Structures are given as structure tokens and as C-alpha cells.
Amino acid sequence: MRVDPTGRVVQPQVPDDLLQRWRDDRAALQAEAAEAAARHATEARILAGRVGDLRRLVSDGYMVGHNLRGLVYLFEKAVTEDGPESPLTTASHIVIDCLNTMASRLEALEERASATRGAGDVQ
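Keep in mind it's a predicted model, so treat the numbers as computed, not measured. (Residues numbered from 1 in each chain as written. Predicted model: local features only at pLDDT ≥ 70, side-chain atom pairs only at ≥ 80, totals over all residues. Heavy atoms only, no water.)

1. A short note on the overall build of the chain
We apply this condition: Here a strand is any run of E in DSSP of at least two residues, a helix any run of H or I of at least four, and the numbering for each starts at the N terminus. Radius of gyration: C-alpha atoms only; globule rule: 2.2 Å multiplied by the number of residues to the exponent 0.38. Exposure is judged per residue with a 1.4 Å probe applied to protein chains only, and the accessible area is read against the type maximum: over 50% gives exposed, under 20% gives buried, and values in between give partly exposed. Contact between two residues is taken to exist if any of their heavy atoms lie within 4.5 Å; hydrogens are not considered. Computed with a 1.4 Å probe, the accessible areas rest on the Shrake-Rupley method; for each residue, only the protein chains presented here act as cover. Here Asp and Glu are counted as negative and Lys and Arg as positive; His is not counted, and neither are the chain ends. For the purpose of locating charges, the reference atoms are NZ of Lys, CZ of Arg, CG of Asp and CD of Glu.
When you go through the chain residue by residue, the secondary structure sums to two helices and zero strands. A compact globule built from 123 residues would reach a C-alpha radius of gyration of about 14 Å, whereas the chain, at 33 Å, exceeds it by more than 25%. For the C-alpha atoms alone, the extent of the chain along its principal axes is close to 105 × 35 × 15 Å. Looking at the 123 residues of the chain, the share that counts as buried comes to 9%. In the chain, once contacts between residues fewer than 6 apart in sequence are set aside, the share between residues at least 24 apart is 5%. When the accessible surface of the chain is summed, it comes to about 10,200 Å², and 61% of that surface belongs to carbon and sulfur atoms. Taken as two groups, the 15 positive and 19 negative side-chain charges of the chain have centres that lie 9 Å from each other.

Right, here's the structure in full:
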């Protein structure tokens, strides 16, 4: 008794070469499906890692924003309550200069990254 790849009984008039091609094609499709599933699982792990990275960045961004709001409050307090010549006001100017320097460096890094991406596209 002959059976097809799905396990059903096959009539005698079905040629053996047709059944063999069916089995071969089915095996090839199953192998492709297994490879695709493995690729999908790998991509899912990579994506999950990137989602975790994004969550950490959002959390860090939130904390930076929270800390900057605190600095603004302190600087406002220094100017309004302690006067323009107080040590806290002087410190606020130093912090502002540092933040401006960091922002300039970040902009320069972004420009370098954009130039690198642009050069990579040309190749």
C-alpha cells in the first residue's frame, strides 16, 4: 500500500516519480520553513534587545529632563532670591556653559554620523 506525503492512501495509477517529487518538494518546503522560523526567532531576539535599549534610553531621557527641570528651578531661585552675584548663580553659569559644550559636542557627533551615513550610501 502506497501513501502520499500527507499519509493518505494513493491509488495504483499514481506514478511513483510523481509521489517522489511530491515528497522531495514537501521536504524542501519544510526545510525552508524551518530556516525561516530560525531567522524569525533570531530577528525577534535582536528586536527584543533593541526594544530594551529603547526603553533604557527613554528612561534615561526622562531622568535627564527631570534633572534639568530641577536645575532650572535652582537657577531661578538663585537669581530671584540670592541675587546675580551669589555663588549659586555663578555655579549656574558654569553648569550652563558645560551643558552648551555638551550640546555642541553632540551636534558635532551627529554631523559626523550623518556624513558617515551619507558616505556609506554613496559606496
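That was the structure; now back to the text.
2. Quick notes on the side chain of serine 86
Counting through the fold element by element, serine 86 comes out in the loop between α1 (16-82) and α2 (87-122). Overall, the relative accessible area of 7% leaves serine 86 in the buried class.

3. Description of the environment of proline 12
Counting through the fold element by element, proline 12 comes out in the segment before α1. For proline 12, a relative accessible area of 67% puts it in the exposed group. Measuring from C-alpha to C-alpha, the distance between proline 12 and arginine 2 comes to 7.9 Å, with ten residues separating the pair along the chain.

4. Topic: the environment of proline 15
Take proline 15: it is sitting in the segment before α1. Exposure remark for proline 15: the relative accessible area of 39% places this residue in the partly exposed category. Expressed as a C-alpha distance, the spacing of proline 15 and alanine 31, which sit 16 residues apart in the sequence, is 25 Å.

5. Digging into the side chain of threonine 89
Secondary-structure assignment places threonine 89 in helix α2. Take threonine 89: its relative accessible area is 2%, and that puts it in the buried class.

6. A look at a nonpolar patch on the surface
The criterion, for reference: Residues form patches when they are more than 30% accessible in relative terms and have no salt bridge. Like charges link within 9 Å. Nonpolar side chains (Val, Leu, Ile, Met, Phe, Trp, Tyr) link within 5 Å. Put simply, a salt bridge is a Lys or Arg side-chain nitrogen that is within 4 Å of an Asp or Glu carboxyl oxygen.
Among the surface-exposed residues, Met1, Val3 and Val9 lie close enough to one another that they form a single nonpolar patch of about 350 Å² accessible area. Relative to the helices and strands, methionine 1 is located in the segment before α1. A relative accessible area of 88% means that methionine 1 is categorised as exposed.

7. Topic: the pattern of salt bridges
Going through the model one piece at a time under the given rule, you end up with four salt bridges. Between arginine 21 and aspartate 17 there is a salt bridge whose closest N-O contact spans 3.7 Å. On the criterion of helical spacing, the pair formed by arginine 21 and aspartate 17 is a turn pair, its members being four residues apart in helix α1. The salt bridge partner of lysine 77 is glutamate 81, with a shortest N-O separation of 3.5 Å. One end of the pair is lysine 77 and the other is glutamate 81, both in helix α1 and four residues apart, which spans about a single turn.

8. What about α1?
Selection rule: A helix's residues, less one, multiplied by 1.5 Å, set its expected span.
Compared with the 99 Å implied by 1.5 Å per residue over 67 residues, the 97 Å span of α1 between its first and last C-alpha is a close match. Two residues or fewer past α1, glycine 83 is found with a positive phi of approximately 95°.

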